[in-house]
Each structure stands twice: as structure tokens, then as C-alpha cells.
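Structural features, examined
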Amino acid sequence: MAPRPIIIDCDPGQDDAVALFLAMSSPDELDILGITTVAGNVPLALTQRNARMMCDIAGRTAIPVFAGCERPIVREAITAEYIHGNTGIDGVDVFEPETPLQEKHAVEFIVETLLTADEHSVTLVPTGPLSNIATAIEKEPAILQHVREIVVMGGAMREGGNRSPSAEFNVLADPQAADIVFSCGRPITVMGLDVTHQVLSTRERVARIRALGNAVAEATAGMLSFFHRYDTGKYGSEGAPLHDPCTIAWLLDPGLFQTRACNLSVETESELTMGHTAVDFWHVTDRPRNVHWTYAVDANGFYELLNDRLARFGR
Ligand code: BDR
Ligand code: CA
């Protein structure tokens, strides 16, 4: 089967970076048409640089990387340096990458690529605030006809919020954008905190990755060792949740995850619960089932997949 064409829309971020590595390790399954970047964990100037660094480290300098929205559609930008460090990818040494930044705006790239693609052919994989994807939909709604599905990291139901008591970071960072994307009518699979909090980067798992010995594995282990610090203190867990790679892992091996068709609606008005994702898991309303909400994962299987794929970079 031909590899599935995808666009990864991200804000690296250590966990975004690992998602990029996982995707770049799997060219037989995934054809990365482009990486679009957005302001999120750190400002845009850093997320686009970080994405290009990951292409260099993985030896995939030909993948086009684009910079997109510098701020959310309505609200003021929020960032998360207290988790990711000032660079967004603390844990690796920063360098000026060879992978060039494309001149085109990320939104323009998304619109043009989708409009010229076959109907229902391209999978969008957003792992940051949804500003780029929502802006593209608003600008040219006809792109939706060309979207096969959207696999999002964002939201929370049982776990509650990680950036406010009610909201997960990516949705809180741009709730209006999230609302546009979740109501777009195309198939959507959501990796929220309920599932990402099950894939913890324990010391043992990070040590196994480091032992692979190639440059990508070393960068991954370095970043995860840093990423670890904040979340282990916050949650009292044995490791940090590896949020964003869940999207790519689902594309590579959906059997690792369990999902349920539900309605997901985003709170965009209340300041108290702004960015909350109201997930109708028990179907207590007749609102349309607009997402597949992921609620369980085989965590050991996830890390086996990650290890196997990162090992490929050494060959
Ligand atoms: C999400 O927020 C960011 O900090 C991570 O990169 C992930 O995309 C988790 O809430
Ligand atoms: Ca992210």
C-alpha cells in the first residue's frame, strides 16, 4: 500500500519532537508532505527552528518546514517554558539547522496542498494549538473535501486539565480554533490526556531508548530526561506523559488504542472553564458524534513500537 500522506502541525516541544521522529522513522507507512509549525509551547520563532533541528537530526532535511500563526485566533498567546525549558526542547543542544524554513506561510501551504490533493486523501496531525488548521479551514472551507481525517493531540475528560483545572494546554491555547476544527465534519481521532497520561516515559523506558545508541535515540533520551522533571513532580508519577507521539503511534498501529465515537464540544465563553472539552462519553445527549475519543492504550506496546522505530535510524 502507498504510504499515507500526512501534514504534521506542531509546536516542538520535546513530545512534538518525538512525534516527528516517530513519523520520520516510518516512510513506508507515512509520507510527510510537510511540517507546519505554530506558536504554542514556545513562540513561533523557536517552534519552527526546533522542527527543522529534528529534521536535521533525523537526516530528513528535504521535508519542507513552514512557519504559521504567531498567535491564537482571539486570545492572547500562552506558552509553557516552565515545562519544556526556554528553548522548547531543553535536553538537546540547540544548533542552527540546515533544513531550510520555507518562505510560504504554513496556512497557505495547508490550503494549497489540500486543494490539489485527491478527495479525502490527506491526514492532518495537529499536536499543538489548532490555530493553523482552523485558519486554513476558515480561509478555504473547500479544503475539508480533501481531508481524509484529523488525528489531534488535545483535550481531556476524566483526567481534568493540565493547564487549568478544566482545560488541556493545546485547546486552552486557542479554544476558538479548537472549536472550528472539532466542528469541521471530517473524521477526527482525539488523543487527550485520558490516554496520553497512560504512556509514561519512565527511567527504564528512557534508558532503553538511550541504549539504541543512534543520534535520534540519544536526542530523544536527552529531551525526555529533561521533560521528565516537571511532570514527575507535578503528578507524582514515574515519568512524563508522552502526549504528541500518541497521534503517530495511532496511525502506525491503531490496535494499540481503544476509542469510542462521542460528541466533543469546546468551551469558548466561560473564563472559569475556558478550553474545556465536554466529551459525551456516555451518550447522554443527542449531539452528533463528531470524534473518536481515545480512552485506553497498551503502554508497553506503545514503547515497543517507539523503540523499534527509533532503532531504524541506526541502520
Ligand atoms: C500538549 O501540550 C504541550 O505542552 C505538549 O507538547 C502537548 O502537545 C499536552 O497538553
Ligand atoms: Ca505539542
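As a reminder, the structure under discussion sits directly above these lines.
Residues numbered from 1 in each chain as written. Chains lettered and ligands numbered in written order. Predicted model: local features only at pLDDT ≥ 70, side-chain atom pairs only at ≥ 80, totals over all residues. Heavy atoms only, no water.

Taken together, the protein ligands of the calcium ion (ligand 2) are Asp11 (OD), Asp16 (OD), Asp16 (OD), Thr127 (O) and Asp244 (OD), with distances of 2.2 to 2.6 Å. Look at where the donors of the calcium ion (ligand 2) fall in the sequence and you get D-x4-D-x110-T-x116-D. Taken together, the residues span a long stretch of sequence, with Asp11 in the loop between strand 1 (4-10) and helix 1 (14-24) and Thr127 in the loop between strand 5 (122-126) and helix 5 (131-139) at a distance of 116 residues. The exposure class assigned to Thr127 is buried, which follows from its relative accessible area of 1%. (Donors = N, O, S within 2.8 Å, 3.2 Å for Na, K, Ca; no water. Helix = DSSP H or I, 4+ residues; strand = E, 2+ residues; numbered from the N terminus. Buried < 20%, exposed > 50% of the residue type's maximum accessible area, 1.4 Å probe, protein only.)

Attention shifts here to the nonpolar core. Judged by nonpolar contacts, the single largest core of 58 residues is most densely connected at Met54, Ile248 and Phe257. Element by element, the count of residues in this core is highest for helix 1, at eight residues. Here Phe257 is in contact with Met191, Val195, Cys246, Ala249, Trp250, Thr294, Ala296, Val297 and Phe302, once residues within four sequence places are set aside. Counting 38 residues, the second largest nonpolar core, distinct from the first, contains Leu114, Ile150, Ala177 and Trp293. (Core = buried A, V, L, I, M, F, W, Y, C linked by side-chain atoms within 4.5 Å. Contact = heavy atoms within 4.5 Å.)

Here we take up unusual backbone geometry. For the peptide bond that leads from Pro12 to Gly13, omega is -10°, which places it in the cis range. Structurally, the position occupied by Gly13 is in the loop between strand 1 and helix 1. Backbone geometry places His120, a non-glycine residue, at a positive phi of 50°. With respect to the helices and strands, His120 occurs in the loop between helix 4 (106-115) and strand 5. In this structure His120 comes out as partly exposed when scored by relative accessible area, which is 34%.

Let's shift gears to the sheet that holds strand 10 (residues 257-262). A sheet is described by the order of its strands in space; here nine strands give the open sequence 4-3-2-1-5-6-7-13-10, paired in mixed fashion. Looking along the sheet, the strands with just one partner apiece sit at the ends: strand 4 (101-105) and strand 10. Shown here is a sheet whose adjacent strand axes are inclined to one another by a mean of 25°, direction ignored. With two bridges connecting them, strand 3 (residues 65-67) and strand 4 associate as parallel partners. Residue pairing for strand 4: Ala67 is matched across the bridge by His105. (Pairing = 2+ DSSP bridges. Axes fitted to C-alpha atoms, helices over the stretch in contact; angles between N-to-C directions.)

Below, the discussion takes up helix 9 (residues 203-211). Given 3.6 residues to a turn, an α-helix orients residues that are three or four positions apart in the same direction. Looking only at helix 9, the buried set comprises Arg205, Val206 and Ile209. Projected down its long axis, helix 9 shows its buried positions confined to an angular sector of 100°, all on one face. Counted as exposed and oriented over 90 degrees from the buried face of helix 9: Arg203, Glu204 and Ala211. In the core, the buried residues of helix 9 are packed alongside strand 8 (200-202), helix 10 (215-235) and helix 12 (299-311). Of the residues one or two after helix 9, Gly213 is the one with positive phi, at around 80°. (Arc of directions from axis to C-beta.)

Here we take up the packing of helix 5 against helix 7 (residues 175-182). Taken N-terminus to C-terminus, the directions of helix 5 and helix 7 make an angle of 60°; their axes are 8 Å apart at the nearest point. By the angle class used here, helix 5 and helix 7 are oblique. In this structure, helix 5 meets helix 7 at a crossing whose hand is left-handed. Facing helix 5, whose interface residues are Ser131, Ile133, Ala134, Ile137 and Glu138, helix 7 presents Ala177, Ile180 and Val181. By residue class, the composition of the contact of helix 5 with helix 7 is six nonpolar, one polar and one charged. (Parallel < 35°, antiparallel > 145°, perpendicular 65-115°, else oblique. Left-handed = near helix turned anticlockwise from the far one by under 90°. Nonpolar A, V, L, I, M, F, W, Y, C, P; charged D, E, K, R; others polar.)

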